[in-house]
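In case you want the letters, here they are:
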There are 2 protein chains.
Amino acid sequence: MASEFTVISRYFKDLTGQQGVALGIGDDAALINMTPGQQLVAATDTLVEGVHFPSSASGEQIATRALCVNLSDIAAMGAKPKWFTLALTIPPETASPKWLEGFSCGLASVAKAFDLALVGGDTTAGPLTISITLLAEVPIDGALLRSGAKAGDYIYVTGTLGDGAAALAEITHASDENKLTERLLSRFYRPQPQVEIGIKLRALASACIDISDGLLADLGHICRASNVCAEINSQQLPIHPEVKANHAQQSLVWALSGGDDYQLCFTLPQNLSQQVDQWIKSGQINATMVGHIVAANNDKEAILVDGKPAITTPRGYDHFSS
Amino acid sequence: MASEFTVISRYFKDLTGQQGVALGIGDDAALINMTPGQQLVAATDTLVEGVHFPSSASGEQIATRALCVNLSDIAAMGAKPKWFTLALTIPPETASPKWLEGFSCGLASVAKAFDLALVGGDTTAGPLTISITLLAEVPIDGALLRSGAKAGDYIYVTGTLGDGAAALAEITHASDENKLTERLLSRFYRPQPQVEIGIKLRALASACIDISDGLLADLGHICRASNVCAEINSQQLPIHPEVKANHAQQSLVWALSGGDDYQLCFTLPQNLSQQVDQWIKSGQINATMVGHIVAANNDKEAILVDGKPAITTPRGYDHFSS
């Protein structure tokens, strides 16, 4: 299916100006010149039809979601995404020129927005599966990890929470009436990886993670990696008014454990919070303080919400499968 | 399905000594320290059940084949493979502890043989698909490309050709009687990526490619990239006596266009051939001179075999699908 990859790479002709690509698509492998003084950052993510997106999704929607979800992992490291490879497995009956054009357009539009170069990959016949490996750079020892949170640190989240779950409920018609707004649809198929904020936080945040499985689950990862506990004030959780109004019953649960938000959760030593608060006030970043880190205590749950142990429900991975 | 990835990563506990891994599995992305003076080499390959391996294949067989096929691309660049990410999509009913153990063991055994570190990836529920991104290093401007062949260069191949196609025919029972030997089975599920030879050829070969789609198809890529033609002497093609004896009718066609051999095809300026011939004589490398490069001639086919235009049959990608 080399021809399919040719179609995809055609859309990247205008996107070959990225720094560091010594040899892109067309040989056995890509050759990349790394910037001296930088570490290589690598993350792989897979999207499967019926699991991560419904069969009704268009090629363009699938492509934008796949790349944005992957970029979110890079954002959480405070790294600058630069290059990616694509493994596209696609049923022959799906691989029409129109579908491939839409897919390529979607991929190219996100690549352009984040100044990424597609450096290789392959296309295979089979069930629709998209696996992307993103390569990024971060100054040596400058990456944001999950493991640096300390008792006393403030906990922040970017953007609004619960949008991903609200969109999912609407797309799967799990809610009573269809209230799928343009904003929600876009949040689902084109999440907004917080790359710029991640880079700004590099010298400040003590820990960082992207919220893919819900705030409680992902903050839980920070707590385990840092050996601390956390307290969240639910009143402070940033929930979009639209989601609050349309889903009064579920919006809080979704904000806590809905997943698919692809915002960042980060912790900040109190003495560094002034800088971030000033960025927030001046509109440079969109983030909200939602709680604080406390010392590890083996007798209680890792995360308290409004003073009570949070009960997290494991997030199902097969939203769309029967 | 994080637990599946935990099973896999458990088998890599003994394999974490590789140079350069600053942060492996367990954060949002991996952090890697590149060696100064080296370029990054990246290649992605996907294996799909029913397309690249039959449903009867074991987890161990699938893992070894996936990693070796990918390593072959790196070998063709003359690069040193170092790190890889794994995207495993697997049906829940397949993901038994036994299957995952076999898969992990296979992966770990190849990783150990080539001194590779698994730095990340994810496991997803869905149709069985394995996508691996291999990351390697090569001295700046030292990589072997497809584009450097010149008229007069000798053409060499490593190992024997036609083994992959013979194994495939036996596995799919396309041949009259089952003559699937241990050697052939092993060639199919554990190809022998010519990493060491690729590195040795760095300062010598004018062009190099790995033979995944058959000698004619892959040598054709060198011809196009280098704007030259080629002449092959079929008498010189290295075919294993076993394949010759068991498949007298097909062995030559398989050696020319069978695919799945994962040997290297490289071109060598005549004045540098002495060094390689000496390595061959002393048993340091296993390679055979099979022809030579001639000037491009738009009036004839790119490749002549025994003086006649070679008719290449496009290789089907769906060997195992119905």
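So, here is what we can say about the structure in this document. Position numbers for residues count from 1 along each chain, tracking the sequence in the order it is written. Chain labels run from A onward and ligand labels from 1 onward, assigned in the order the entries are written. Where local features are concerned, this predicted model is filtered to residues with pLDDT of at least 70; where side-chain atom pairs are given and counted, the filter is 80 or more; whole-chain, interface and lining totals use all residues. Computation of side-chain values: all heavy atoms of the structure, hydrogens and water removed.

Observations concerning the sheet that holds strand 2 (residues 30-32) of chain B
DSSP calls a pair of strands paired once it identifies at least 2 bridges connecting them. Going along the chain from the N terminus, every DSSP run of H or I of four or more residues is numbered as a helix, and every run of E of two or more is numbered as a strand. Within the open sheet, the 6 strands sit side by side as 5(A)-4(A)-6(A)-3(A)-2(B)-1(B). Their pairing is mixed. Sheet topology places strand 5 (117-125) of chain A together with strand 1 (21-23) of chain B at the edges, where each strand pairs with a single neighbour. When the angles between neighbouring strand axes are averaged without regard to direction, this sheet yields 20 degrees. Note that strand 3 (residues 38-48) of chain A and strand 6 (residues 129-139) of chain A share 11 bridges and pair antiparallel. By the bridge assignment for strand 6 of chain A, valine 41 of chain A is matched with alanine 136 of chain A. Throughout, a contact is declared for two residues whenever any of their heavy atoms are within 4.5 Å. Whenever a helix is involved, its axis is fitted only over the stretch in contact; in every case the axis is a line through C-alpha atoms, and angles between N-to-C directions fall within 0 to 180 degrees. Most of the contacts of helix 2 (residues 59-76) of chain A go to strand 3 of chain A, to which it runs at about 140 degrees, and overall it touches strand 3, strand 4 (80-90) and strand 6 of chain A. Packing against the sheet, helix 3 (residues 97-113) of chain A makes contact with strand 4 and strand 6 of chain A, and its axis sits at approximately 165 degrees to strand 4 of chain A.

As for the environment of valine 157 of chain A
Residues and elements named next belong to chain A. With respect to the element layout, valine 157 can be found in strand 7 (residues 154-158). Each residue is placed in one exposure class: buried if its accessible area under a 1.4 Å probe, protein chains only, is under 20% of its type's maximum, exposed if it is over 50%, and partly exposed if it falls in between. Look at valine 157 and you get buried, because its relative accessible area is 0%. Between the C-alpha atoms of valine 157 and valine 290, which are 133 residues apart in sequence, the distance is 7.0 Å. Beyond its immediate sequence surroundings of up to four residues, valine 157 is in contact with Ile211, Leu215, Pro238, Leu264, Cys265, Asn286, Ala287, Thr288 and Val290.

Brief notes about empty space enclosed by the protein
In this analysis a 1.4 Å probe is tested at points of a 1 Å grid over the protein atoms alone, and where it fits but cannot get out there is a cavity; an open set with protein on both sides within 12 Å along at least five of seven lines is a pocket; lining residues have an atom within 4 Å of a point. Grid points are joined across faces, edges and corners, and a volume is the space filled by probe spheres set on the points. Tallying each qualifying case throughout the model produces 2 cavities of 30 Å³ or more. Every residue lining the largest cavity is listed: Thr160, Asp163, Gly164, Arg187, Pro191, Gln192, Asp260, Asp261 and Gln263 of chain B. Tallied by class, the residues present in the lining of the largest cavity amount to 1 nonpolar, 4 polar and 4 charged. A volume near 30 Å³ is recorded for the second largest cavity. What lines the second largest cavity is Thr160, Asp163, Gly164, Arg187, Asp260, Asp261 and Gln263 of chain A. The residue inventory of the lining of the second largest cavity, partitioned by class, reads no nonpolar, 3 polar and 4 charged. Polarity classes work like this: nonpolar for Ala, Val, Leu, Ile, Met, Phe, Trp, Tyr, Cys and Pro, charged for Asp, Glu, Lys and Arg, and polar for all others, with Gly in that last group.

Some points on helix 7 (residues 215-226) of chain A
All names here are of chain A. Given a rise of 1.5 Å per residue, 12 residues ought to cover 16 Å, and the 16 Å separating the end C-alpha atoms of helix 7 matches this to within 8%. The complete set of buried residues in helix 7 reads Leu215, Leu216, Asp218, Leu219, Gly220, Ile222, Cys223 and Ser226. Buried positions along helix 7 lie against strand 7, strand 8 (207-211), strand 9 (228-232), helix 9 (251-257), strand 10 (263-268) and strand 12 (303-305). Remark: asparagine 227 follows helix 7 within two positions and exhibits a positive phi of approximately 55 degrees. What a helix is expected to span follows from its residue count: subtract one and scale by 1.5 Å.

Some points on the interface of chain B and chain A
Where interface size is given, it is often the accessible area lost as the parts come together that is meant. Contacts between chain B and chain A engage 50 residues on the former and 50 residues on the latter. Here the buried area means the combined drop in accessible surface, using a 1.4 Å probe, for two parts upon being joined, counting both sides. Around 3,800 Å² of area is buried between chain B and chain A when both sides are counted, 59% of it from carbon and sulfur atoms. By convention in these notes, a salt bridge is any Lys or Arg side-chain nitrogen within 4 Å of a carboxyl oxygen on Asp or Glu. One can count 4 salt bridges joining chain B with chain A. Here arginine 146 of chain B and aspartate 28 of chain A are joined by a salt bridge, their closest N and O atoms 3.4 Å apart. Residues adjacent in sequence count toward polar contacts only when both atoms are side-chain atoms; beyond that, a polar contact is any pair of N or O atoms within 3.5 Å, and within protein one must be able to donate a hydrogen and the other to accept it. Our count for the contact surface shared by chain B and chain A stands at 15 residue pairs in polar contact (both at pLDDT 80 or more). Mapped onto the side of chain B that touches chain A, the elements with two or more residues apiece are strand 1, strand 2, strand 3 (38-48), helix 2 (59-76), strand 4 (80-90), strand 5 (117-125), strand 6 (129-139) and strand 8 (207-211) of chain B. Looking at the side of chain B that touches chain A, the element that brings in the most residues is strand 3 of chain B, giving 9 residues. Grouping the amino acids of the side of chain B that touches chain A by side-chain chemistry returns 29 nonpolar, 14 polar and 7 charged. With 3 bridges joining them, strand 2 (residues 30-32) of chain A and strand 3 of chain B adopt antiparallel strand pairing. When the sheet's bridge partners are listed, isoleucine 32 of chain A is paired in strand 3 of chain B with leucine 40 of chain B.

A closer look at the pattern of salt bridges
Under the definition given, this model contains 14 salt bridges over all chains. Across the salt bridge formed by arginine 65 of chain B and aspartate 260 of chain B, the nearest N and O atoms sit 3.0 Å from each other. You can see arginine 65 of chain B sitting in helix 2 and its partner aspartate 260 of chain B sitting in the loop between helix 9 (251-257) and strand 10 (263-268), a full 195 residues away along the chain. Within this structure, Asp163, Arg183, Arg187 and Glu242 of chain A form a network of salt bridges that share partners.

Overview of the pairing of strand 10 of chain B
Residues and elements named next belong to chain B. With 6 of 6 residues buried, strand 10 lies mostly within the body of the structure. Here strand 10 shows two buried faces, one formed by Gln263, Cys265 and Thr267 and the other by Leu264, Phe266 and Leu268. Strand direction decides the pairing type here: strand 7 (residues 154-158) and strand 10, joined by 4 bridges, are antiparallel. Residue tyrosine 154 lies in a different strand from strand 10, and its bridge partner there is leucine 268. Inspection of the sheet shows strand 8 paired to strand 10 by 5 bridges, in the antiparallel sense. Considered in strand 10, the bridge of alanine 207 is made with threonine 267.

Here we look at the packing of aromatic side chains
Each Phe, Tyr or Trp ring, with Trp reduced to its six-membered ring, pairs with another whose centre is within 6.5 Å; inter-plane angles below 30 degrees give stacked pairs, above 60 give edge-to-face pairs, and intermediate values give tilted ones. Scanning all chains against the criterion turns up 6 aromatic pairs over all chains. An angle of 0 degrees between the planes, with centres 5.2 Å apart, marks the rings of tyrosine 156 of chain A and phenylalanine 266 of chain A as stacked. A residue pair is termed long-range when its members are at least 10 positions apart, and tyrosine 156 of chain A in strand 7 and phenylalanine 266 of chain A in strand 10 qualify at 110 residues. By the burial criterion, tyrosine 156 of chain A is buried, and phenylalanine 266 of chain A matches it. With a centroid separation of 5.1 Å and 90 degrees between ring planes, the pair formed by phenylalanine 188 of chain A and tyrosine 189 of chain A is classed as edge-to-face. Overall, the relative accessible area of 7% leaves tyrosine 189 of chain A in the buried class. Distance and angle both matter: a charge sits over a ring if NZ of Lys or CZ of Arg is within 6 Å of the ring centre and within 35 degrees of the ring normal. Of note, arginine 65 of chain A hangs over the ring of phenylalanine 188 of chain A, and the distance from its end group to the ring centre comes to 4.1 Å. Sitting above the plane of the tryptophan 279 of chain B ring, lysine 200 of chain B keeps its charged end 4.6 Å from the centroid.

Details of helix 2 of chain B
Two residues of an α-helix separated by three or four positions point the same way, owing to the 3.6 residues in each turn. Residues and elements named next belong to chain B. Look at helix 2: 26 Å from first C-alpha to last across 18 residues, which is about the 26 Å you get at 1.5 Å a residue. Burial runs high along helix 2: 16 of the 18 residues are buried. Looking one or two places after helix 2, you find glycine 78, whose phi comes out positive at around 70 degrees.

Structural notes on the side chain of aspartate 260 of chain B
Owing to a relative accessible area of 2%, aspartate 260 of chain B belongs among the buried residues under this scheme. Polar side-chain contacts of aspartate 260 of chain B include one of 3.2 Å to the side chain of tyrosine 262 of chain B.

Description of the relation of the copies chain B and chain A
A least-squares fit on C-alpha atoms brings the copies together, and the residues used are those whose pLDDT is at least 70 in both copies. Mapping chain B onto chain A calls for a screw motion: a turn of 180 degrees about the axis and a shift of 0.0 Å along it, with 0.0 Å RMSD after fitting. The two molecules are tied by a two-fold rotation axis, judged by turn and shift. A symmetric contact is evident, with 100% of the interface residues of chain B recurring at the interface of chain A.

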